[in-house]
Amino acid sequence: MSARLECRELTGGRGATVVFRDLELDVQAGTVLALLGPNGAGKSTLLLTLAGLLPARAGNVAIDGARLRNGNAVAASRAGVVLVPDNRSLFTTLSVEENLDVARRRNSPAPRELLDVFPALEKRWHLAAGALSGGEQQMLAMARALIQQPKVLLVDEMSMGLAPLVVETLFDTVRHIASDHGAAIVLVEQHVSLALGVADEAAVLNRGTVVLRGAADELRHDGQRIERAYFGDVDPAPAGSPG
Amino acid sequence: MDHVASLLLGLGNGGVFAALALALVITYRASGVVNFATGAQALYVAYTYAGLRRGELLVPIPGLPKRVDLGSELGFTLALVLSLVIAAALGALLYVLVFRPLRNAPPLAKAVASLGVLVVLQGVLAIRQGTLTVSVAAIFPTDRWELGSALVLADRFYLAVTIVGLALVLAAGFRFTRFGLVTRATAESPIGAYVSGVSPDRVALLNWMLSGVIAGLAGILIAPISPLTPVTYTLYVVPALAAAVVGRFQYLVPIVAAGIAIGMLQSEALTLAGRYDWLPQTGAFELVPLIVILVALVVVGAGMPVRGGLVRQRLGHAPRPRSLLLPTLLGAGVGLLALLATDGTWRGAVIGSFIAAVIGLSLVVVTGYAGQVSLAQLALAGTAAFTLSGLTEGWGVPFPWAPLLAALVATAIGVVVGLPALRLRGLTLGVVTLALAYAIEAAWFRNTDIVSSDGARVTPPELFGWDLGIGAGRAFPRIEFGLLCLGVLVAVAVGIAALRRSALGSAMLAVRANERSAAAVGVNVVRVKVLSFAIASFIAGLGGSLLAYRRGVVTFDSFTAIGGLALLSTAYLAGVTSVWGGINAGILASSGIVFIALDRWVDVGEWFQVISGVLLIATLIAHPEGIASGGHQIADRLARWRARRRATEPAVERPAVATATDRERPAVAAAERPVAAPAAEGPALHVDHLTVRYGGVVAVNAVSLRVEPGRIVGLIGPNGAGKTSVIDAITGFAPASGTIELAGQVIGALAPHARVRAGLGRTFQQLELYDDLSVEENVSVAAFGGRQADRRAAVARALENVGIAALGDRPAGELSQGERQLVSIARACVAEPSVLLLDEPAAGLDTQESGRLGERIRAIAASRTAVLLVDHDVALVLQVCDDVYVLDFGAVIAEGPPETIRANRAVADAYLGAMHDAEAVSA
């Protein structure tokens with residue numbers, strides 16, 4: 001059986017520059033893949049390409065074995081690929097309820113049902129999304145993705161600029177979305193330990209290629225491998241530094 | 001009471017302006033198109049309605065019969081419904097055929113395409129319907145109400161009420177229906193729509209249909225009041241645009257109020273002009289939209305919202321001329337041959353092309369280089385032409401002085417026209433300049449108090465007894481006049497090419513590319529904008545004077561506002577970003593060679609206008625940046641090919657600083673550090689309690705830091721910690737509280753470019769290079785003051801210092817990420833700042849490149865520059881810095897020399913979360 005999300009020899013970039021090359025990536029339904037790597041490694045570009053918002057240069061993306069049309073965001077969305085972009089792209093002038101209404105589909109749950117997952121949004125229900133705190137905005141962005149009942153959920157830098165406590169709550173939610181809804185989740189994250197805590201598998205992307213791939217559990221206890229993948233040959237951590 | 005009556009009389013027109021403004025705003029919000037053809041759509045539907053009432057269906061397609069007889073006259077309701085269905089279909093057709101293919105094109109390309117649509121619709125109707133006015137039976141009751149002594153026409157009142165009702169229904173629809181919700185969402189964020197599973201294309205299509213219906217309804221309702229003629233209806237778009245600007249292309253109710261107010265004030269202006277002799281007898285009507293816009297700009301003070309998108313929108317590549325001599329000789333030679341080889345009509349066309357090219361070149365300066373959309377260039381040419389008449393006939397000013405003075409008058413007016421540009425950008429500015437052109441045309445060129453009804457005579461030019469005039473009779477057109485025009489064209493073209501290579505030209509492109517980063521390198525944006533309008537207006541004035549000499553008698557129809565729209569379309573299509581594009585515009589212009597050739601050789605007869613409109617649209621879809629863009633690509637490829645053949649050895653970067661191998665580097669760094677740190681005379685940069693708030697979010701919280709001359713201070717922290725906000729606040733790009741001192745001088749109140757001139761230099765995370773400019777030009781934009789030779793030496797030094805001297809001639813857009821980083825550093829250093837702020841200079845570099853970067857930064861600090869370095873590359877920061885501040889959640893969590901920071905748990909935690917807790921357990 002094919003994986004929920006499959007990338008084969010995927011090459012992509014922005015404008016004239018190729019950002020990642022010949023990428024192979026499988027994510028099973030109900031699992032979370034943490035996509036790690038330093039700034040500029042190509043993580044966000046990869047997510048935009050998977051969501052059809054940027055065209056791939058070569059290779060293909062398949063959902064449950066069915067290939068997506070290249071560079072077609074509407075087709076990707078119909079196939080169940082939903083992106084939560086790093087800037088969230090909320091409709092800041094619309095209320096929380098309206099933001100969810102926009103994304104609602106025929107078989108979607110009612111917007112209010114999302115409050116079970118994100119109870120904090122209850123008291124903001126009729127407020128403009130732009131007036132929410134960073135954490136609440138991120139919850140709304142996740143809720144807006146969830147109401148589309150994604151088969152593949154792509155989450156970009158969820159924790160950016162958020163307080164640690166909020167981030168932990170959000171990560172718990174991600175875990176639930178994977179186990180309860182059976183979505184395959186790709187989580188781009190800078191908070192390495194938190195991401196490894198919630199993920200089943202992890203991949204480190206550096207300079208456009210996957211330099212490290214493994215079970216999240218194992219990598220969690222092997223910080224040096226991650227650090228080497230991140231920082232190249234220079235190790236900033238004092239403990240166990242070979243010199 | 002008369003005033004009330006005349007104000008109420010304007011309700012009819014006002015209602016139509018309001019409705020067209022609604023249609024404009026709906027298409028703008030849904031697709032980012034400022035649709036100049038809205039009035040033409042209204043006209044088409046009005047004709048269809050008029051036909052249906054007579055029992056005929058209008059068929060626009062050539063070859064088919066002009067109309068289908070439906071057997072019997074249709075009643076009001078049926079005709080209305082059928083016409084509105086056709087209106088919706090027309091809207092859908094326009095979106096699918098024209099504007100959907102252009103959805104990622106620059107906004108200016110979309111606007112120009114709508115001008116093409118305008119030309120096509122107007123042309124089709126003129127051919128299929130004739131230009132005779134058509135009257136339509138009344139729709140509303142035509143009662144007359146006595147209101148005291150005032151007489152009110154009921155139909156006007158009903159019309160306005162209908163439109164207000166329509167606006168309320170629309171506002172409610174956008175507020176309460178799902179369609180309205182999705183439309184509002186898409187207008188705010190197309191990306192948000194995509195990730196919400198909504199197709200912005202479908203939303204745009206439906207809105208185009210809705211907009212078509214509203215425009216059509218406006219056309220139908222006004223038809224009984226204002227008889228149908230192609231030109232009036234089309235021009236309704238000017239007051240409608242004014243109303244839309246008042247509502248910032250966003251708020252429906254203010255837009256409708258403004259539309260109705262414009263109609264009423266116009267009516268009142270006519271009454272007042274009739275009553276008081278001292279008021280201008282013509283033009284008061286056309287001045288109203290302009291005044292309303294200007295008042296709104298002062299009160300509302302903002303342009304239209306910019307639609308977001310993934311594709312960065314640009315005006316097109318503006319290549320730097322590679323050499324001046326050869327193209328000048330070649331171009332002048334070809335022009336001379338064309339004059340010698342032709343006579344009669346053909347020579348007239350050649351001369352027409354020369355003159356149109358001069359006026360086209362004025363657009364190259366203001367729009368192509370400086371990025372300011374001006375629809376007033378033809379009107380400015382007109383002001384010079386009419387002034388020339390006064391100077392020569394009235395005061396007898398002799399030849400070379402009269403046209404130069406006239407051009408100076410145009411310059412003065414042009415600077416005034418350009419003033420709104422200080423507050424507006426892009427197409428909003430275009431709308432304002434259009435309203436200005438429309439007002440100048442009506443209040444001056446058509447004003448029979450100033451210009452006699454048979455035009456303003458101009459004395460033919462003569463120099464030292466040599467007749468340079470165009471002549472008359474068999475001698476027309478004389479070659480001497482052709483030579484004069486060619487001479488002016490060559491001078492202007494060479495001047496503009498030289499401008500493109502000058503510091504001012506680079507500054508113009510910098511302003512066009514990004515006003516923010518232009519200010520960050522010390523460019524005075526206001527000055528550059530005003531200068532570009534002044535230069536362009538002078539050139540337009542020269543062109544207008546030549547046109548006046550060519551005609552002998554100046555009349556308004558050479559310089560209409562609509563003509564100005566056509567000029568911009570032609571110039572944009574021909575390539576508004578280069579000198580050759582400006583000359584192309586002359587060749588393509590309606591008085592030029594191509595026009596005459598088509599007219600002579602291809603017998604398209606009355607369809608000429610329609611075909612040219614269709615060609616315009618088709619060409620735009622194929623080349624959204626104009627046809628010259630293809631030529632630029634070919635020229636670039638040729639140049640690269642020649643460069644490759646010339647280069648026998650590969651163009652390796654020559655490192656400016658003696659390089660140690662990568663392995664030795666840390667040791668060398670440690671040895672050097674103490675030498676580069678004498679801090680006797682106090683800090684170069686001292687920041688105290690700096691706080692930045694965005695809305696309710698505190699991005700930077702009471703940060704204090706100091707950087708001594710010759711030292712490198714690092715600022716690190718995870719994403720979103722507030723590092724860039726600190727740099728933005730120091731350089732004046734983010735509002736902040738707290739004190740910022742540069743060598744003891746408080747700079748917190750200065751504008752960004754003034755801070756740069758006081759000794760700050762910065763780079764941007766996104767680099768913000770000017771991709772069209774060469775590396776050398778990118779850097780020279782930032783070199784201010786002193787003589788040109790000094791500036792050139794400073795640029796060479798800056799390139800040498802960062803090790804990219806070999807890349808000087810390459811366009812910045814072609815370089816690798818690492819090379820681009822170095823260009824941005826050279827640009828920040830060229831003015832020899834006392835404090836240099838580097839925002840993520842190592843982003844996108846590999847380890848080796850970032851090692852080399854570290855050496856260069858140290859070399860810069862060695863010349864007593866204080867450096868603040870923000871970067872994610874912790875290794876780099878720890879290696880090169882003397883001191884490091886660590887930021888998290890906007891506050892400093894650690895501070896000290898690299899060794900201390902390296903050993904600090906909190907830093908590793910900030911980067912990797914609680915990663916190291918797990919590691920500590922397992923270790």
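Residues numbered from 1 in each chain as written. Chains lettered and ligands numbered in written order. Predicted model: local features only at pLDDT ≥ 70, side-chain atom pairs only at ≥ 80, totals over all residues.

Asks: How would you summarise the sheet that holds strand β10 (residues 697–707) of chain B if you had to cite specific residues and measurements?
Replies: Spatially, 4 strands are ordered β10-β9-β12-β13 (chain B) in an open sheet, and the strand pairing comes out antiparallel. Edge positions in the open sheet fall to β10 and β13 (745–746) of chain B, since each of these has one partner strand only. (Pairing = 2+ DSSP bridges. Helix = DSSP H or I, 4+ residues; strand = E, 2+ residues; numbered from the N terminus.)

Asks: Break down the confidence of the model for chain A for me, with residues and values.
Replies: Overall, the prediction assigns chain A a mean pLDDT of 85, with 91% of residues at 70 or greater. Contacts for the low-pLDDT stretch residues 233–243 of chain A, under 50 throughout, to residues beyond four places or in other chains number 19 contacts. (pLDDT = per-residue confidence, 0-100. Contact = placed C-beta atoms within 7 Å.)

Asks: Break down unusual backbone geometry for me, citing the residues and quoting the values.
Replies: Even without glycine at this site, Gln-149 of chain A takes up a positive phi of about 45°. Relative to the helices and strands, Gln-149 of chain A is located in the loop between α4 (134–146) and β7 (152–156). According to the C-beta neighbour criterion, Gln-149 of chain A is partly exposed, with 16 such atoms within 10 Å. One non-glycine residue, His-689 of chain B, adopts positive backbone phi at about 50°. You can see His-689 of chain B is positioned in strand β9 (residues 685–694). (Buried ≥ 20, exposed ≤ 12 C-beta atoms within 10 Å, placed from the backbone.)

Asks: Which residues make up the environment of Thr-45 of chain A, and what values go with them?
Replies: Residues and elements named next belong to chain A. For Thr-45, the position within the fold is in helix α1 (residues 43–50). By C-beta crowding, Thr-45 is classed as buried, having 21 other C-beta atoms within 10 Å. Along the sequence, Thr-45 and Arg-14 sit 31 residues apart, while their C-alpha atoms lie 7.4 Å from each other. The residues contacting Thr-45, other than those within four sequence positions of it, are Gly-12, Gly-13, Arg-14, Val-19, Phe-20 and Leu-54.

Asks: Provide a residue-level description of the sheet that holds strand β11 (residues 712–716) of chain B, including the pertinent values.
Replies: Residues and elements named next belong to chain B. Overall, mixed pairing links the 6 strands, which are arranged β14-β15-β16-β11-β17-β18 in an open sheet. Strands with a single pairing partner mark the edges of an open sheet, and in this sheet they are β14 (760–762) and β18 (891–896). Each neighbouring strand pair of the sheet contributes to a mean axis angle of 20°, computed without reference to strand direction. Strand direction decides the pairing type here: strand β15 (residues 835–839) and strand β16 (residues 866–870), joined by 5 bridges, are parallel. The residue of β16 that forms the bridge with Leu-838 is Leu-869. Of the strands in this sheet, β11, β14, β15, β16 and β17 (883–888) are in contact with helix α29 (residues 723–731), which crosses β15 at around 145°. (Axes fitted to C-alpha atoms, helices over the stretch in contact; angles between N-to-C directions.)

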